[in-house]
Amino acid sequence: MSNTNETVMFPQLNKPAPNFNAKTTYGMKSLEDYKGKWLILFSHPADFTPVCTTEFMGFATRAEQFKELNCELLGLSIDSVHAHIAWARSIEENFGVKIEFPIIADLSMDVAKAYGMIQPGASDTAAVRATFIIDPEGIMRAMVYYPMSNGRSIDEFLRVLKALQTSDNNKVATPENWQPGQEVIVPPPATMEAAEARKSEGYNYVDWYYSTKSL
């Protein structure tokens, strides 16, 4: 039975992401280093594991697409810098994919614990497949957790990043599986008068609470 007095803190959406100052394969990195840019921070259970290898190659081969969206990548696992370097070199030698983004060496588990990457139901010593999207102001905007047995879809994180940026820039929402170029959802009216007027406002109208438009 768990201790009911034990408090486990996890990051929260639309709140400041936990600060960190950590050793990586590209020197010390802190959350402040990414001020003014979007950041995708993602954890993996361990170096030299097959599923994680495919995910790192997936992020690496799409790194330029993330950069075009003003987004940096930052990996993490509870392994040493030397293990990270050896793994990255192995990936390049065996698969021809170069890992050019930093990987946090979190042997103390400080960053993993601050971000809720340690899930006791999965492991007490390894970070699960957690992915965090942090905006240029250091605010947590999205969080996704995967089990250790199944790899992530990197294309989905590109899609979510584009959707978040579109929503921020245009004050709109996006529907299921929205892709750039598709219509976006207009925020629904907040008063009876506004609901009554919505039909005549020139949007693609379905009902007072659901209208779309092209950007």
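Not measured: the values here are computed from a predicted model.

Q: I'd love a proper account of helix H3 (residues 81–95), names of residues and values included.
A: Under the 1.5 Å per step criterion, the end-to-end length of H3 is 21 Å for 15 residues, consistent within 8% with the ideal 21 Å. Buried within H3 are the following residues: Val81, His84, Trp87, Ala88, Ser90 and Ile91. Here the buried face of H3 lies against strand S1 (21–24), helix H1 (50–61), strand S4 (71–77) and strand S5 (103–105). In the stretch just after H3, glycine 96 is the one whose phi turns positive, near 75°.

Q: Explain a nonpolar patch on the surface to me, using residue names and the numbers behind them.
A: A contiguous nonpolar surface patch, about 430 Å² in accessible area, is contributed by Val206, Trp208, Tyr209 and Tyr210. Here tyrosine 210 lies in strand S10 (residues 210–213).

Q: Pulling in residues and values, what's your account of the packing of aromatic side chains?
A: Applying the stated criterion across every chain yields a total of 11 aromatic pairs. Grouping aromatic residues by their ring pairs yields a cluster made of Phe42, Phe56, Phe59, Phe66, Trp87, Phe101 and Phe157.

Q: Residue-level account of a negative patch on the surface, with values.
A: A grouping of Glu64, Glu68, Glu92, Glu93 and Glu100 is seen on the molecular surface, where their side chains present a negatively charged patch. Secondary structure elements with two or more residues in the negative patch: helix H2 (63–68) and H3. Within the element layout of this structure, glutamate 68 appears in helix H2. Of the residues examined, glutamate 68 reaches a relative accessible area of 67% and is grouped as exposed.

Q: Outline the domain arrangement of the protein chain, supporting the account with residue identities and numerical values.
A: What the domain assignment lists for the protein chain is domain 1 (15–153) and domain 2 (171–213). Its C-alpha centre places domain 1 at a distance of 36 Å from the equivalent point of domain 2.

Q: A description of helix H5 (residues 154–170) should follow, citing residues and the corresponding values.
A: End to end, H5 covers 25 Å across 17 residues, agreeing with the expected 24 Å (1.5 Å per residue, within 8%). Ile154, Phe157, Leu158, Arg159, Val160, Leu161, Ala163, Leu164, Gln165, Thr166 and Ser167 are the residues of H5 that are buried. Within two residues after H5, lysine 171 carries a phi angle of roughly 55°, on the positive side.

Q: Report on the state of the cysteines, specifying residues and quantitative values.
A: Each disulfide consists of a covalent bond between the sulfur atoms of two cysteine residues. Scanning all chains against the criterion turns up zero disulfides. Note on cysteine 52: no disulfide assigned, nearest cysteine sulfur contributed by cysteine 71 at a separation of 20 Å. The class of cysteine 52 is buried, set by a relative accessible area of 0%.

Rules and cut-offs
- Residues numbered from 1 in each chain as written.
- Predicted model: local features only at pLDDT ≥ 70, side-chain atom pairs only at ≥ 80, totals over all residues.
- Heavy atoms only, no water.
- Helix = DSSP H or I, 4+ residues; strand = E, 2+ residues; numbered from the N terminus.
- Expected span 1.5 Å × (residues − 1).
- Buried < 20%, exposed > 50% of the residue type's maximum accessible area, 1.4 Å probe, protein only.
- Contact = heavy atoms within 4.5 Å.
- Patch = residues over 30% accessible without salt bridge, like charges linked within 9 Å, V, L, I, M, F, W, Y side chains within 5 Å.
- Areas by Shrake-Rupley, 256 points an atom, 1.4 Å probe, with all protein chains shown as cover.
- Salt bridge = Lys/Arg side-chain N within 4 Å of Asp/Glu carboxyl O.
- Phe/Tyr/Trp six-rings, centres within 6.5 Å; stacked < 30°, edge-to-face > 60°.
- Lys, Arg positive; Asp, Glu negative; His and termini not counted.
- Charge placed at Lys NZ, Arg CZ, Asp CG, Glu CD.
- Domains from an automatic or database assignment.
- Disulfide = S-S within 2.5 Å.

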